[in-house]
Number of protein chains: 2
Amino acid sequence: MMQNSFTEENYLKTIHALSGRDGLDVSTNALAESTATRAASVTDMLKKLADKGLINYKKYQGVTLTTSGEKVALSVIRKHRLWEVFLVEKLGFGWDEVHDIAEELEHIPSDILVEKLDAYLGHPRFDPHGDPIPDAKGNLLDPDYRLLTDIQIGEKVLMMGVLDHAASFLQHLDRSGITLGAVLEVKDINEYDKSASIIVNGDRTIFISLEVSKNLLVQRR
Amino acid sequence: MMQNSFTEENYLKTIHALSGRDGLDVSTNALAESTATRAASVTDMLKKLADKGLINYKKYQGVTLTTSGEKVALSVIRKHRLWEVFLVEKLGFGWDEVHDIAEELEHIPSDILVEKLDAYLGHPRFDPHGDPIPDAKGNLLDPDYRLLTDIQIGEKVLMMGVLDHAASFLQHLDRSGITLGAVLEVKDINEYDKSASIIVNGDRTIFISLEVSKNLLVQRR
DNA sequence: AAAAAAATTTAGGTTTGCCTAAAAATATAT
DNA sequence: ATATATTTTTAGGCAAACCTAAATTTTTTT
Ligand SMILES: [Mn+2]
Ligand SMILES: [Mn+2]
Ligand SMILES: [Mn+2]
Ligand SMILES: [Mn+2]
């Protein structure tokens, strides 16, 4: 059985991300956008992935992952997130610095490496951004967090993850003192622009824009 | 400034290894052999590396690294050896299992990653096979070890490294109890086939063939 | 110093993953 | 339902890294 290339793995991971929890069809254009390539190049790759049995592809109809394609995607995601934990927990990187490095490390192929890394890290269940880490068999939790925009005034929630993974957003959260696991209490919501004042960990009050609220995943306590 | 590809880095590393401590010219055929490619492919790559100023190349005359090429080679070697230390010291791999994985990890580009890894490992000076690790500036120790074949009967030496890095050889040493840092005393050398009996760490006596002696780097105490 | 052998380079192809431009299919608007 | 717009595919090419076969250069032998 031939190995999947770096590029093929990235396509599979992207298809997984774009098809979301419901396994919706992913369009050629969406893939072109996400992979920073042109639609024609995507079509080329889709043919190859279909030939290898990794995706279901009918011309003009979009694609979904096959079972075998999903297995590959989940394995890459597992590696990505485990390496991110390593970079943050062991090497002392910030959560805003690890994505690009993990983007490369995720393609190192050794299964035994992944399992030893997982054990060394203490079998973490979430990565530094709050994203769940698939287990060795490809089981992936779907923790139904909600957006901070759905939380009522007076409610206290735990900060569990981010939707936007951009370094600039994560750095903004750092400056606001909003870290994974922080307790957030919605003190007030501005009618006009939906900006909010939030009490962080019971002491500091900060103001956050709707843009920020829309990207914060939280959980009732 | 364009980045060097995976493949270019491997060629530079191979040229470094083959030119030895004296910086001798490396032949096209030797490179073809070491990189498991054909001579014609090597010629293609040599032209490219010469264009990029990484090697000195005159047709039919063999190649040497330029200062800039050597810098790249040493950086790749540094990464290879640091990752090997990580795999053995932190993840618990055996010294016979890490080479192929490090062969991939050595191409992960981030400078800051390398420096954080180095610090995390406690700035190791040698890799699990006894090979010296270049520092961040590209300074590489040249410890003048000698071969066990050069040691007289009765002499006690420290086991410092291996010439052959093959898993089968390393596993053979494991079975013989010969590890890095072990004290070896040459008890007797067989006239006929130069095989020897050796006392390991002052207790066990083992017999080793010339083939093994030729691949053991040792140091007087 | 030729002739023969070995090493190296050139010539011409292949595959992978990308591109632009043009054609075809699908979706949307009138 | 037709026309228009959008999406997707096809056609034809390019660069990287490899290949085989054929030429060329260097080295070794006679
Ligand atoms: Mn990431
Ligand atoms: Mn992450
Ligand atoms: Mn190695
Ligand atoms: Mn080594």
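Residues numbered from 1 in each chain as written. Chains lettered and ligands numbered in written order. Predicted model: local features only at pLDDT ≥ 70, side-chain atom pairs only at ≥ 80, totals over all residues. Heavy atoms only, no water.

A.B. asks: Just give me the short version of the sheet that holds strand β5 (residues 183-189) of chain B, but keep the residues and values in it.
C.D. replies: Note on sheets: strands pair through backbone hydrogen bonds, and any given pair is parallel or antiparallel. Residue and element names in this part refer to chain B. With respect to topology, six strands assemble into an open sheet ordered β3-β8-β4-β5-β6-β7, the strand pairing being antiparallel. Both outer strands of the open sheet, β3 (146-147) and β7 (204-208), are each paired with one neighbouring strand and no more. Bridging between β3 and strand β8 (residues 216-220) involves two bridges; their strand directions are antiparallel. In the strand pairing of β8, Leu147 is matched with Leu217. Against the sheet, helix α7 (residues 167-176) touches β4 (156-162), β6 (196-200), β7 and β8, its axis set at about 150° to β4. (Pairing = 2+ DSSP bridges. Helix = DSSP H or I, 4+ residues; strand = E, 2+ residues; numbered from the N terminus. Contact = heavy atoms within 4.5 Å. Axes fitted to C-alpha atoms, helices over the stretch in contact; angles between N-to-C directions.)

A.B. asks: Quick rundown of the interface of chain A and chain B? Include the residues and the values.
C.D. replies: In this complex, chain A contributes 18 residues to the contact, which on the side of chain B involves 18 residues. With both chains or domains summed, chain A and chain B bury close to 1600 Å², and 80% of this area falls on carbon and sulfur atoms. Taken together, chain A and chain B are joined by three residue pairs in polar contact (both at pLDDT 80 or more). Of all the secondary-structure elements, those providing two or more residues to the side of chain A that touches chain B are α4 (67-90), α5 (99-105) and α6 (111-120) of chain A. (Buried area = accessible area lost by both parts, 1.4 Å probe. Polar contact = N/O pair within 3.5 Å; in protein donor to acceptor, adjacent residues only side chain to side chain.)

A.B. asks: Any details on the protein's contact with DNA strand D? Residues and values, ideally.
C.D. replies: Not every one of the 22 residues close to DNA strand D is listed here, only the nearest: Tyr57 and Lys59 of chain A together with Ser5, Ser41 and Lys48 of chain B. The share of sugar and phosphate among atoms of DNA strand D within 4 Å of the protein is 77%. At 2.7 Å, a side-chain N or O of Ser5 of chain B approaches a phosphate oxygen of DNA strand D. Between DNA strand D and Tyr60 of chain B, the relevant distance is 3.3 Å, taken from a sugar or linking oxygen to a side-chain nitrogen or oxygen of the residue. Secondary-structure elements contributing two or more residues to the surface near DNA strand D are α2 (28-35) and α3 (39-51) of chain A together with α1 (6-19) and α3 (39-51) of chain B. Ranked by residue count, the leading element in the surface near DNA strand D is α3 of chain B, at five residues. Taken together, the residues of the surface near DNA strand D break down into nine nonpolar, eight polar and five charged. (Near = heavy atom within 4 Å. Nonpolar A, V, L, I, M, F, W, Y, C, P; charged D, E, K, R; others polar.)

A.B. asks: How would you summarise the protein's contact with DNA strand C if you had to cite specific residues and measurements?
C.D. replies: Taken together, the neighbourhood of DNA strand C is formed by 21 residues, with Ser5, Ser41 and Lys48 of chain A together with Tyr57 and Lys59 of chain B sitting nearest. By atom count, sugar and phosphate contribute 77% of the portion of DNA strand C lying within 4 Å of the protein. One of the side-chain N or O atoms of Tyr57 of chain B is found 2.4 Å from a phosphate oxygen in DNA strand C. Between DNA strand C and Tyr60 of chain B there is a distance of 3.0 Å, counted from a phosphate oxygen to a backbone nitrogen or oxygen. Going through the elements one at a time, α1 (6-19) and α3 of chain A together with α2 (28-35) and α3 of chain B are the ones with two or more residues in the surface near DNA strand C. Sort the elements by how many residues they give to the surface near DNA strand C and α3 of chain A lands first, with five residues. When grouped by side-chain class, the residues that make up the surface near DNA strand C number eight nonpolar, eight polar and five charged.

A.B. asks: Mind laying out unusual backbone geometry, listing which residues take part and the relevant values?
C.D. replies: Residues and elements named next belong to chain A. Here Ala36, not a glycine, exhibits a phi torsion of approximately 55°, which is positive. Position of Ala36 among the secondary structure elements: in the loop between α2 and α3. Even without glycine at this site, His123 takes up a positive phi of about 50°. Mapped onto the elements of the fold, His123 is located in the loop between α6 and β3 (146-147).

A.B. asks: A description of the coordination of the manganese ion (ligand 4) should follow, citing residues and the corresponding values.
C.D. replies: Residue and element names in this part refer to chain B. Protein coordination at the manganese ion (ligand 4) comes from Glu84 (OE), Asp127 (OD) and His129 (ND1), with a distance range of 2.1 to 2.3 Å. One chain supplies every donor for the manganese ion (ligand 4), spaced along it as E-x42-D-x1-H. Taken as a pair, the manganese ion (ligand 4) and the manganese ion (ligand 3) lie 3.6 Å from each other and share Glu84 as a ligand. Of this pair, Glu84 sits in helix α4 (residues 67-90) while His129 sits in the loop between α6 (111-120) and β3, placing them 45 residues apart in sequence. Across the pair, exposure class does not vary: Glu84 and His129 are buried alike. (Donors = N, O, S within 2.8 Å, 3.2 Å for Na, K, Ca; no water. Buried < 20%, exposed > 50% of the residue type's maximum accessible area, 1.4 Å probe, protein only.)

A.B. asks: Pulling in residues and values, what's your account of α4 of chain B?
C.D. replies: A rise of 1.5 Å per residue sets the reference length of α4 of chain B, with its 24 residues, at 34 Å; its end C-alpha atoms lie 34 Å apart and thus fit the reference within 8%. For α4 of chain B, the buried fraction is high: 17 of the 24 residues fall into the buried class. (Expected span 1.5 Å × (residues − 1).)

A.B. asks: Can you break down the environment of Ser197 of chain A residue by residue, with the values?
C.D. replies: Residue and element names in this part refer to chain A. Here Ser197 shows up in strand β6 (residues 196-200). Using a relative accessible area of 7% as the deciding quantity, one classes Ser197 as buried. For Ser197 and Lys214, which are 17 residues apart along the polypeptide, the C-alpha to C-alpha distance reads 14 Å. What Ser197 contacts, discounting residues up to four positions off in sequence, is Glu185, Val186, Lys187, Asp188, Thr205, Ile206 and Phe207.

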